[in-house]
Amino acid sequence: MGEASAAAPAVDAAVPGAPAVPSSAELAAFRAKVREQGRELNRDLPWRRTTDPYEIWISEVMLQQTQVNRVDGRWQRWLARFGTVEALAAADSADVLDEWQGLGYNRRALAVHRAARAIVDAGGAFPSGEKDLVSLPGIGPATAAGIRAFAFDLHGVYLETNVRAVVLHELFAGREGVPDRELVPVVEATCPPDGGFADDPADDPRSWYYALLDYGAYLKRTVPNPSRRSKAHARQSRFEGSRRQKRAALVRALLARRAGGAEELAVGVAAEGIELDARFAAELLDELAAEGFCRREGDAWYI
């Protein structure tokens, strides 16, 4: 029927003692159902109206562990400020961090900034190859696959949390602790080839993964989250009172002042209702400086 990729037969190959794997017929039925659900559940999101790899990359990074409704609006604001990879590369890191506030995980902002500079230093052309993409700061296999699918319509393994949810719900029902090594061949086999099938070019990697994402988001709203049955699933640690919360608050205090001593910055953090003494603030600030968030000069830190 022109829907099973060249990798599909490998999924049928049973390994003695290994868990049962979906057959080619099951994978074909799975693809048909996901495509149908994708048509019914399609979400018209702003980053789906572009194929610009820079714009898609920014959306992919923002959407990591961040709800869609929080990204919608912030993505547009980011592009208004840093409209191209060249503009982002030329920006001051403090301005990049400032624009990122509220999206969580400040390391992602620094990684995006470093990656933009690496792209510009290499000539400015946004890479499409998996190896080239994952060599950039902050871009792992899933983000690379998302960029390749949504910007370049290229085949790949986009094993994102909503994709996991669909595969686990439809093909691994009742299984707990399913490792990614069992999911990867399924995702690989069901993703269409580059540019789509010859007899149905509309069935392409871009539309296929959008369908998976929309069906996965629907499942998470309507049934117990299937992705929790993945071995890769991990509960997020408590944020309130955590080291991570204090680090984030110190970054905000530095952005507000652009410089300050440990005691002054600790007072700024306390103004948010977060307990932090000057000694621990200094320890965290040195940690942030080592990671490239700020720099220390004597008893003051600058961002």
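To keep things clear, this report deals only with the structure shown in the data block.

Parameters at a glance
- Residues numbered from 1 in each chain as written.
- Predicted model: local features only at pLDDT ≥ 70, side-chain atom pairs only at ≥ 80, totals over all residues.
- Heavy atoms only, no water.
- Helix = DSSP H or I, 4+ residues; strand = E, 2+ residues; numbered from the N terminus.
- Buried < 20%, exposed > 50% of the residue type's maximum accessible area, 1.4 Å probe, protein only.
- Areas by Shrake-Rupley, 256 points an atom, 1.4 Å probe, with all protein chains shown as cover.
- Lys, Arg positive; Asp, Glu negative; His and termini not counted.
- Charge placed at Lys NZ, Arg CZ, Asp CG, Glu CD.
- Pairing = 2+ DSSP bridges.
- Axes fitted to C-alpha atoms, helices over the stretch in contact; angles between N-to-C directions.
- Core = buried A, V, L, I, M, F, W, Y, C linked by side-chain atoms within 4.5 Å.
- Parallel < 35°, antiparallel > 145°, perpendicular 65-115°, else oblique.
- Contact = heavy atoms within 4.5 Å.
- Nonpolar A, V, L, I, M, F, W, Y, C, P; charged D, E, K, R; others polar.
- Phe/Tyr/Trp six-rings, centres within 6.5 Å; stacked < 30°, edge-to-face > 60°.
- Expected span 1.5 Å × (residues − 1).
- Polar contact = N/O pair within 3.5 Å; in protein donor to acceptor, adjacent residues only side chain to side chain.
- Left-handed = near helix turned anticlockwise from the far one by under 90°.

## Side note on the overall build of the protein chain
- Counting its secondary structure elements, the protein chain contains 15 helices and three strands.
- Structurally, the protein chain occupies a C-alpha span of about 70 × 40 × 35 Å along its principal axes.
- Residues counted as buried form 48% of the 303 residues belonging to the protein chain.
- When the accessible surface of the protein chain is summed, it comes to about 14500 Å², and 51% of that surface belongs to carbon and sulfur atoms.
- Averaging the coordinates of the 38 positive side-chain charges in the protein chain and doing the same for the 43 negative ones gives two points 5 Å apart.

## A closer look at the sheet that holds strand 3 (residues 300–302)
- With respect to topology, three strands assemble into an open sheet ordered 1-3-2, the strand pairing being antiparallel. A single partner strand is all that each edge strand has here, and the edge strands are strand 1 (259–261) and strand 2 (295–297). On average, each strand axis in the sheet is inclined to that of its neighbour by 30 degrees, with strand direction left out of account.
- With three bridges connecting them, strand 1 and strand 3 associate as antiparallel partners. Across the sheet, residue Ala259 finds its bridge partner in strand 3, namely Tyr302.

## Concerning the nonpolar core
- Grouped together as the largest cluster of nonpolar side chains are 84 residues, with contacts concentrated most on Tyr54, Trp57, Trp78, Leu88 and Tyr209.
- Sort the elements by how many residues they give to this core and helix 12 (residues 205–222) lands first, with eight residues.

## Things to note about the packing of helix 13 (residues 243–257) against helix 15 (residues 278–290)
- Across the interface, helix 13 lies against helix 15 with an axial gap of 10 Å and an inter-helix angle of 80 degrees. In terms of orientation, helix 13 and helix 15 fall into the roughly perpendicular class. When helix 13 is examined against helix 15, the residues Arg243, Lys246, Arg247, Leu250, Val251 and Leu254 are found in contact with a partner set consisting of Phe280, Ala281, Glu283, Leu284, Leu285, Glu287 and Leu288.
- Of the residues belonging to the contact of helix 13 with helix 15, the class tally is eight nonpolar, no polar and five charged.

## Quick notes on the packing of aromatic side chains
- Throughout the structure, instances matching the rule amount to nine aromatic pairs.
- Here the aromatic rings of Phe30 and Trp208 are separated by 6.1 Å at their centres, their planes lie at 80 degrees, and the arrangement is edge-to-face. Residue Phe30 is located in helix 2 (residues 24–41), and its partner Trp208 is located in helix 12; the two are separated by 178 residues in the primary sequence.
- With 4.4 Å between their ring centres and 0 degrees between their planes, Phe150 and Tyr210 make a pair best called stacked. Of this pair, Phe150 sits in helix 9 (residues 141–152) while Tyr210 sits in helix 12, and the two are 60 residues apart along the sequence. Accessibility classification places Phe150 together with Tyr210 in one group, the buried group.
- The structure contains a cluster of three or more aromatic residues connected by ring pairs, namely Phe150, Tyr158, Tyr209 and Tyr210.

## A few points about helix 12
- The end-to-end C-alpha distance of helix 12, which contains 18 residues, comes to 26 Å, matching closely the 26 Å that a straight helix rising 1.5 Å per residue would cover.
- Counted residue by residue, helix 12 has 13 buried out of 18 residues, so it is predominantly covered.

## Side note on unusual backbone geometry
- In this structure, Gln65 is a non-glycine residue whose phi angle is positive, near 60 degrees.
- Structurally, Gln65 can be placed in the loop between helix 3 (53–62) and helix 4 (68–81).
- We note that Arg258 has phi near 70 degrees; this positive angle belongs to a residue other than glycine.
- Within the secondary structure layout, Arg258 lies in the loop between helix 13 and strand 1.

## Description of helix 15
- With 13 residues, helix 15 ought to run about 18 Å at 1.5 Å a step, and its terminal C-alpha atoms sit 18 Å apart, in line with that.
- For helix 15, the elements touching its buried residues are helix 13, helix 14 (262–270) and strand 3.
- Structurally, the start of helix 15 carries an N-cap: the backbone nitrogen of Arg279 is 3.2 Å from a side-chain oxygen of Asp277.
- In the stretch just after helix 15, Gly292 is the one whose phi turns positive, near 95 degrees.

## Topic: the packing of helix 3 against helix 9
- One way to put it is that helix 3 packs onto helix 9 with a least axis distance of 9 Å and a crossing angle of 140 degrees. Judged by the angle between their axes, helix 3 and helix 9 are oblique. Read as a crossing pair, helix 3 and helix 9 show a hand that is right-handed. Between helix 3 and helix 9, the contacting residues are Pro53, Ile56, Trp57 and Glu60 on the first element and Thr143, Gly146, Ile147, Phe150, Ala151 and Phe152 on the second.
- Taken together, the residues of the contact of helix 3 with helix 9 sort by class into seven nonpolar, two polar and one charged.

## Some remarks on the environment of Tyr105
- Mapped onto the secondary structure, Tyr105 falls in the loop between helix 6 (93–100) and helix 7 (106–121).
- Between the C-alpha atoms of Tyr105 and Phe126, which are 21 residues apart in sequence, the distance is 24 Å.

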